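This is what each chain is made of:
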Amino acid sequence: MDLILHHYDASPFSEKVRIVFGMTGQAWSSVITPNMMPKPDLTPLTGGYRRAPVLQIGADVYCDSMVILDELQRRTPLPGNHGLAGLRGIGLWADRLFFQATVPVIFGEMGHLTPKAFIADREKLSGRPFDVEAMAQAAGPMRVQWRGHAAWLDQALGETPFLAGDQPGLADASAWMNIWWLRGALPETNAKLTAGLERLEAWHGRMAAIGHGVRTEITGAQALEIARGAEPAPAPAHDPDDALGLSPGDPVVVMADDYGRDPIAGTLVAARPDRLILARETPDLGRLHLHFPRVGYVALPGKS
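Sequence positions are assigned chain by chain, starting from 1 and proceeding in written order. With pLDDT at 70 or above as the cut-off, local features in this predicted model cover only qualifying residues; side-chain atom pairs require 80 or more to be listed or tallied, and sums for whole chains, interfaces and linings still use all residues. With hydrogens and water excluded, all non-hydrogen atoms of the structure serve as input to the side-chain values.

K.L.:
If you had to explain unusual backbone geometry to someone new, which residues and values would you point to?
P.N.:
That bond from methionine 37 to proline 38 is cis: its omega, 0°, falls within 30 degrees of zero. The helix and strand labels rest on DSSP assignments: H or I over at least four residues marks a helix, E over at least two residues marks a strand, and numbering proceeds from the N terminus. With respect to the helices and strands, the residue proline 38 is situated in the loop between strand 2 (27–32) and helix 2 (43–46). Of note, the amide linkage connecting alanine 52 to proline 53 takes the cis form, showing an omega dihedral of 5°. Residue position: proline 53 is located in the loop between helix 2 and strand 3 (54–57).

What follows is the structure, given as structure tokens:
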């Protein structure tokens with residue numbers, strides 16, 4: 001099955017996935033989804049999940065970059081993905097602590113240029129005000145935080161070209177996200193905050209040269225047609241010791257625990273310690289399997 005990435009070019013979380021495609025030389029299909037609602041070619045696949053990116057492989061839909069990278073690693077392993085030192089530890093740090101420093105640095109400086117429709121959308125997504133003035137006030141202290149995170153990367157590189165060693169890996173992809181985002185949005189600010197971090201600068205050059213693999217554009221309608229004509233892949237075995245006591249066939253609702261808490265309802269296919277798979281039966285697309293990471297998401301019993 002083709003790998004289909006639903007994303008938009010300015011999305012930092014999507015960039016993590018795109019650069020992994022580059023690391024593996026992967027051919028993939030690109031569906032550009034809007035950066036705000038409505039997303040008419042995405043939400044039919046996801047049951048309402050709206051965050052980018054989403055990876056589609058036939059009738060299997062992977063929601064959240066963490067589970068996407070986990071699936072890509074399963075298919076085409078990259079180096080440096082061992083336990084907390086690899087995808088999961090560095091990924092959570094980059095997705096949360098580093099990202100939470102990057103947001104006010106960027107929007108504190110350019111928030112006055114942000115369209116009102118985007119602000120309203122992000123307020124609905126996060127459930128709290130998108131306060132440009134507050135971010136402008138926080139930008140100064142958060143620049144200190146941001147440079148601290150960047151310095152950690154500089155130190156972690158040591159004498160190796162990549163965090164994963166001689167070759168790039170998932171740790172590099174996760175760490176790359178915020179560096180790429182700030183440099184693209186505010187190159188002068190990025191230059192100030194990375195000044196003197198020579199190993200980081202050299203690493204940036206090596207990462208930027210990787211590219212995004214072989215990208216082919218398709219439409220959202222084409223992606224939906226692919227899902228319509230496919231069957232989900234066999235699911236992994238269910239964990240009988242699931243911490244919630246879930247069993248296959250149970251109605252379940254899944255939602256993110258930070259923002260974009262849209263509840264996604266389905267029937268449990270399998271619950272693993274690292275992944276939860278829901279089935280959704282749709283009149284138009286047939287049976288779909290939705291994959292979510294366990295860390296960062298909440299699963300609750302649904303209504304029968």
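K.L.:
Tell me about helix 9 (residues 198–208), and name the residues and values.
P.N.:
Taken together, the buried positions of helix 9 are occupied by Leu200, Trp203, His204 and Met207. Buried residues along helix 9 cover an arc of 105° about the axis, so they all sit on one side. Throughout, a residue-residue contact means that at least one pair of heavy atoms, one from each residue, lies within 4.5 Å. Of the surrounding elements, those touching the buried residues of helix 9 are helix 1 (12–24), helix 6 (132–157) and helix 7 (170–185). For each residue, the accessible area found with a 1.4 Å probe, counting protein chains only, is set against the maximum for its type, and the residue is called buried under 20%, exposed over 50%, and partly exposed in between. In this description, one arc is meant: the one made by directions from the helix axis to the C-beta atoms.

K.L.:
So what about helix 5 (residues 116–126)? Which residues, and what values?
P.N.:
Here helix 5 has its buried residues at Phe118, Ile119, Asp121, Arg122, Leu125 and Ser126. One side of helix 5 carries all its buried residues, which in axial view fall inside an arc of 165°. Facing away from the buried side of helix 5 by more than 90 degrees, the exposed set consists of Lys116 and Lys124. Directly after helix 5, the chain includes glycine 127, whose backbone phi takes a positive value near 80°.

K.L.:
Break down the pattern of salt bridges for me, with residues and values.
P.N.:
Working definition: two side chains of opposite charge can pair if their charged atoms are close together. Salt-bridge detection follows one rule: a side-chain nitrogen of Lys or Arg within 4 Å of a carboxyl oxygen of Asp or Glu. Scanning all chains against the criterion turns up 21 salt bridges. The shortest N-O distance in the salt bridge between arginine 18 and glutamate 15 comes to 3.0 Å. Taken together, the positions of arginine 18 and glutamate 15, both in helix 1 and three residues apart, correspond to about one turn of that helix. The pair formed by arginine 18 and glutamate 15 is uniform in burial state, with each residue classed as buried. Across the salt bridge formed by aspartate 257 and arginine 96, the nearest N and O atoms sit 2.8 Å from each other.

K.L.:
Give me the sheet that holds strand 7 (residues 264–271): which residues, what numbers.
P.N.:
Strands were regarded as paired on the criterion that DSSP finds at least two bridges between them. Spatially, ten strands are ordered 5-2-1-3-4-9-8-7-6-10 in an open sheet, and the strand pairing comes out mixed. Of all strands in the sheet, those with a lone pairing partner are strand 5 (214–217) and strand 10 (297–301), marking the two edges. Here the average twist between neighbouring strands, direction ignored, is 35°. Bridging between strand 4 (residues 60–63) and strand 9 (residues 286–293) involves three bridges; their strand directions are parallel. Within strand 9, the position partnered with aspartate 60 by the bridge is histidine 289. Lines are fitted to the C-alpha atoms to define the axes, a helix being fitted only along its stretch in contact, and any angle between axes, read from their N-to-C directions, falls within 0 to 180 degrees.

K.L.:
Help me get a handle on the nonpolar core, residues and values and all.
P.N.:
In globular proteins that are soluble, nonpolar side chains generally tend to be buried together. Counting residues in each nonpolar core, the largest one holds 55 residues, and the members touching the most others are Phe21, Leu55, Leu72, Phe107, Trp146 and Trp203. Counting only elements with at least two residues in this core, the list comes to helix 1, strand 3, helix 3 (65–75), helix 4 (87–110), helix 5, helix 6, helix 7 and helix 9. When residues in this core are grouped by element, the largest group, ten residues, is from helix 4. Only buried residues count toward a nonpolar core. Its members are Ala, Val, Leu, Ile, Met, Phe, Trp, Tyr and Cys residues joined through side-chain atoms within 4.5 Å. Counting residues in hydrophobic clusters, the runner-up holds 25 residues, among them Leu42, Val61, Leu268 and Ala299.

K.L.:
I'd like a rundown of the packing of helix 1 against helix 7, residues and numbers included.
P.N.:
One way to put it is that helix 1 packs onto helix 7 with a least axis distance of 8 Å and a crossing angle of 135°. The angle between helix 1 and helix 7 places the two elements in the oblique class. For the element pair helix 1 and helix 7, the recorded crossing hand is right-handed. Only Leu170, Asp172, Ala173, Ser174, Trp176, Met177, Trp180 and Trp181 of helix 7 make contact with helix 1, whose side of the interface consists of Pro12, Phe13, Glu15, Lys16, Arg18, Ile19, Val20 and Met23. Each residue is assigned to one of three groups, with Ala, Val, Leu, Ile, Met, Phe, Trp, Tyr, Cys and Pro labelled nonpolar, Asp, Glu, Lys and Arg labelled charged, and all others, Gly among them, labelled polar. Tallied by class, residues from the contact of helix 1 with helix 7 come to eleven nonpolar, one polar and four charged. The labels follow the angle: roughly parallel below 35 degrees, roughly antiparallel above 145, roughly perpendicular from 65 to 115, and oblique for the rest. Here a crossing is taken to be left-handed if its near helix is turned anticlockwise relative to the far helix by less than a right angle, and right-handed if that turn runs clockwise.

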